[in-house]
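Residue-level listing of the chains:
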Amino acid sequence: AKQYYLAILELIVLPFSDGQELLSYAKKIEGLKISDLGQKVDRMDLIHRKHTKGLVAQLVEKEYFKIPTNSSERPDFQDLGIELKVSPLKLVKSTGWYNAKERNVIKMVDYFNIFENKNWKDSKLIHKLRRVLFVLYVHDKEKPATEWQIVSTFLWSPSEEQDRLIQKDYDIIRDKIKAGEKNRE
């Protein structure tokens, strides 16, 4: 009976009427340590794993927002057209600033779609980049994962300048595809 109940819970995606309601819900976890989040979603078993890769993303995506694990080309919040990205930050000691610990993976490269579409906004990438809800946390290797903290949540859409930069990168990848070169990224 418990497995049946858990299977049904995995099908539940929380409804949000608009991006602001979604962002308000996301803001509720700002400032929480990962242990606090694990307790909030009643999944303390997850935070005591030896391997922590993907732990925070799983807690935020699957347990807090109730987004089932997927590799869909559609955004995570399909009705709102918003993709969720859970990303770690690291402290750069020489500057005292925080930087992205790693690149965000948007989606797997669809060579045919990129080949067919000259503008990135006409490609399937637009579904993942039109609007993004970022949940950022500090990955501090000197602390256990349970002590990492969610520090910021915000909605992002590309500005005109960012749109030009995305198009520039898209053009480079598209030219390589048209030349028959394999993309290394």
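This one's a predicted model, so the numbers in the text were calculated from it and none came from an experiment.

### A closer look at the sheet that holds strand E4 (residues 149-156)
Inference 1: The mixed open sheet is built from four strands, whose spatial order is E2-E1-E3-E4. Among the strands making up the open sheet, the edge pair consists of strand E2 (97-100) and E4. The sheet shows a mean angle of 30° between the axes of neighbouring strands, direction not considered.
Inference 2: Looking at chain direction, strand E1 (residues 83-92) and strand E3 (residues 132-138) are connected through seven bridges and run parallel. What sits directly across from Leu84, in E3, is Leu133.
Inference 3: The sheet contacts of helix H5 (residues 55-64) involve E1, E3 and E4, and relative to E1 the element is tilted by about 145°.

### What about the pairing of E2?
Inference 1: For E1 and E2, the ladder comprises four bridges, and the chain directions are antiparallel. Within E2, the residue paired with Lys90 across the bridge is Asn99.
Inference 2: In this antiparallel pair of consecutive strands, E1 and E2, the connection spans four residues, and Gly96 shows a positive phi of 80°.

### Brief notes about the pattern of salt bridges
Inference 1: Enumeration according to the criterion identifies ten salt bridges in this entry.
Inference 2: Between Lys124 and Glu73 there is a salt bridge, with the nearest N and O atoms lying 3.2 Å from each other. On the criterion of sequence distance, the pair formed by Lys124 in the loop between helix H6 (111-116) and helix H7 (125-129) and Glu73 in the loop between H5 and E1 is long-range, its members being 51 residues apart.
Inference 3: Using a relative accessible area of 28% as the deciding quantity, one classes Lys124 as partly exposed.
Inference 4: On the basis of relative accessibility, which here comes to 32%, the residue Glu73 falls in the partly exposed class.
Inference 5: We note a salt bridge from Lys128 to Glu83, for which the minimum N-O separation is 3.3 Å. Note that Lys128 is positioned in helix H7 and Glu83 in strand E1, a separation of 45 residues in sequence.
Inference 6: When salt bridges with common partners are traced through the structure, they connect Glu73, Asp110 and Lys124 into a single cluster.

### Topic: unusual backbone geometry
Inference 1: Of note in the backbone geometry, Lys66 takes a positive phi value of approximately 60° without being a glycine.
Inference 2: Along the chain, the position of Lys66 falls in the loop between H5 and E1.
Inference 3: Lys66 gets classed as partly exposed once you look at its relative accessible area, which sits at 25%.

Cut-offs applied
Residues numbered from 1 in each chain as written. Predicted model: local features only at pLDDT ≥ 70, side-chain atom pairs only at ≥ 80, totals over all residues. Heavy atoms only, no water. Pairing = 2+ DSSP bridges. Helix = DSSP H or I, 4+ residues; strand = E, 2+ residues; numbered from the N terminus. Axes fitted to C-alpha atoms, helices over the stretch in contact; angles between N-to-C directions. Contact = heavy atoms within 4.5 Å. Salt bridge = Lys/Arg side-chain N within 4 Å of Asp/Glu carboxyl O. Buried < 20%, exposed > 50% of the residue type's maximum accessible area, 1.4 Å probe, protein only.

By themselves, these observations are geometric and do not establish any function.
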